[in-house]
Amino acid sequence: MTIDSYLERLYVEGRQNDSSTTTRSEMMLNITPSTGTFLDLLVSELKPKRILELGTSNGFSTIWLARAARRIHSQVDSVDISRDKIHLARKHLTECELQDNVALHVADCGEFLRDCNTETYEFVFLDSDRTAYSRWAADLVRTTRFGLIVVDNATTHPQELLDFRRFLSDELGLSISVLPIGNGQMIIQKVE
Ligand SMILES: C[S@@+](CC[C@H](N)C(=O)[O-])C[C@H]1O[C@@H](n2cnc3c(N)ncnc32)[C@H](O)[C@@H]1O
């Protein structure tokens, strides 16, 4: 099976799973395929040496990132608090033969970021607990070597991202734009 067909199957399974439960922690909450294509394009063009994903779930978005990373000889770190989801992600990445390009971490994203060295990642994809983004923001920016940070759900949940967005633009002077791709991609950049 090609990675494209694997992604198609995983996406359908994720949607079916999510509509069969009301328990949020059991949902996969995958990015859309158009967001995956966008992430692939960014990684392929920017060629970051190290990529960080915050919010692995079952590895759907990680597969998109890891495939692009393999093409440019880059590495992905991906973090999720759920041991079960990381276990699923490891299975899916292995079935796609992408395991060598990814290190999976069972951790709270805030703690992971706190322990990261300054300017470690050149590309970050944030798709985790939106209520915590403001608390993670300072470490997120410290950890990123600008670079680019992409945040999912910018058009589906703009209110939840408001304080985070204000902090980045008003306090840190970063440039923020939103693209109507999938659930809305917030693009955070340092503009000289
Ligand atoms: C929207 S889902 C990620 C979907 C994934 N990016 C994809 O498209 O396949 C959010 C994930 O964040 C994880 N999460 C929630 N709070 C977290 C935290 N404090 N630290 C780490 N992961 C967390 C959840 O377990 C969940 O798997």
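Just so it is clear, the model here is predicted, and its values are computed rather than measured.

J.: Would you mind going over the overall build of the protein chain with me for this structure?
T.: Within the protein chain one finds seven helices and seven strands. What you see in the protein chain, going N to C, is helices and strands ordered as α-α-β-α-β-α-β-α-β-α-β-α-β-β. Taken against the 2.2 N^0.38 rule, which gives 16 Å for 192 residues, the C-alpha radius of gyration of the protein chain at 15 Å falls within 12% of a compact globule. Dimensions of the protein chain along its principal axes, counting C-alpha atoms only, are 45 × 40 × 30 Å.

J.: Would you take a moment to explain the pairing of strand β3 (residues 102–106) for this structure?
T.: Pairing of strand β2 (residues 75–80) with β3, which is carried by five bridges, proceeds in the parallel orientation. Looking at β3, one finds that D80 is bridged to V106.

J.: Help me out: how do you make sense of the site of the ligand in this one?
T.: As a matter of local geometry, the ligand sits amid 18 residues, with L29, S57, F60, S61 and D129 nearest to it. By residue class, the composition of the shell around the ligand is seven nonpolar, six polar and five charged.

J.: It is not clear to me how helix α3 (residues 60–71) should be interpreted in this structure. Could you clarify?
T.: Residues that lie three or four places apart on an α-helix share one face, since the helix turns once every 3.6 residues. Between its first and last C-alpha, α3 extends 18 Å over twelve residues, near the 16 Å set by a 1.5 Å rise per residue. For α3, the buried fraction is high: ten of the twelve residues fall into the buried class. The complete set of buried residues in α3 reads F60, S61, T62, I63, W64, L65, A66, R67, A68 and A69. Of the residues trailing α3, H73 is marked for its positive phi of about 60°.

J.: Hey, could you run me through the environment of T37 in this one?
T.: Among the secondary structure elements, T37 is positioned in helix α2 (residues 33–46). C-alpha separation for the pair T37 and W64, spaced 27 residues apart in sequence, amounts to 7.4 Å.

J.: Any chance you could explain unusual backbone geometry here in plain terms?
T.: In this structure, L29 takes a positive phi of about 50° despite not being glycine. Residue placement: L29 occurs in the loop between α1 (3–19) and α2. The residue H73 is not glycine, and still its phi comes out positive at about 60°. Along the chain, H73 turns up in the loop between α3 and β2. We classify H73 as exposed; it has 9 C-beta atoms within 10 Å.

J.: I'm lost on the sheet that holds strand β1 (residues 50–54) in this one. Help?
T.: In space, the seven strands of this open sheet follow the order β3-β2-β1-β4-β5-β7-β6, with mixed pairing throughout. In the strand order of this sheet, the two ends are held by β3 and β6 (175–179), each with one partner. Within the sheet, the average angular offset between the axes of one strand and its neighbour, ignoring direction, is 20°. By the bridge criterion, four bridges tie β1 to strand β4 (residues 121–126) in an arrangement that is parallel. Its bridge partner lying in β4, L54 is registered against L126.

J.: For this particular structure, what's the right way to read the pairing of β2?
T.: On any regular strand, side chains alternate: one points to one face of the sheet, the next to the other face. Of all six residues making up β2, five are buried, and the element is well covered by its neighbours. Judged from the five bridges that link them, β1 and β2 form a sheet pairing that is parallel. Considered in β2, the bridge of L54 is made with V79. Between β2 and its parallel partner β3, the chain crosses via helix α4 (residues 83–95), and the hand of that crossover is right-handed.

J.: Could you clarify how one ought to interpret the packing of helix α6 (residues 133–143) against helix α7 (residues 162–171) in this entry?
T.: A pair of packed helices is characterised by two quantities: the angle between their axes and the separation of those axes. Look at α6 against α7: their axes get within 8 Å of each other, and the N-to-C directions meet at 30°. Of the possible angle classes, the one that applies to α6 and α7 is roughly parallel. The handedness of the crossing between α6 and α7 comes out as right-handed. Contacts from Y133, S134 and A137 in α6 reach D163, F164, F167 and L168 in α7.

About the cut-offs
- Residues numbered from 1 in each chain as written.
- Predicted model: local features only at pLDDT ≥ 70, side-chain atom pairs only at ≥ 80, totals over all residues.
- Helix = DSSP H or I, 4+ residues; strand = E, 2+ residues; numbered from the N terminus.
- Rg over C-alpha atoms; globule rule 2.2 N^0.38 Å.
- Pairing = 2+ DSSP bridges.
- Near = placed C-beta within 6 Å.
- Nonpolar A, V, L, I, M, F, W, Y, C, P; charged D, E, K, R; others polar.
- Expected span 1.5 Å × (residues − 1).
- Buried ≥ 20, exposed ≤ 12 C-beta atoms within 10 Å, placed from the backbone.
- Axes fitted to C-alpha atoms, helices over the stretch in contact; angles between N-to-C directions.
- Right-handed = clockwise from strand over helix to strand, strands pointing away.
- Parallel < 35°, antiparallel > 145°, perpendicular 65-115°, else oblique.
- Left-handed = near helix turned anticlockwise from the far one by under 90°.
- Contact = placed C-beta atoms within 7 Å.

Note that all results are geometric; they support no functional claim without further evidence.
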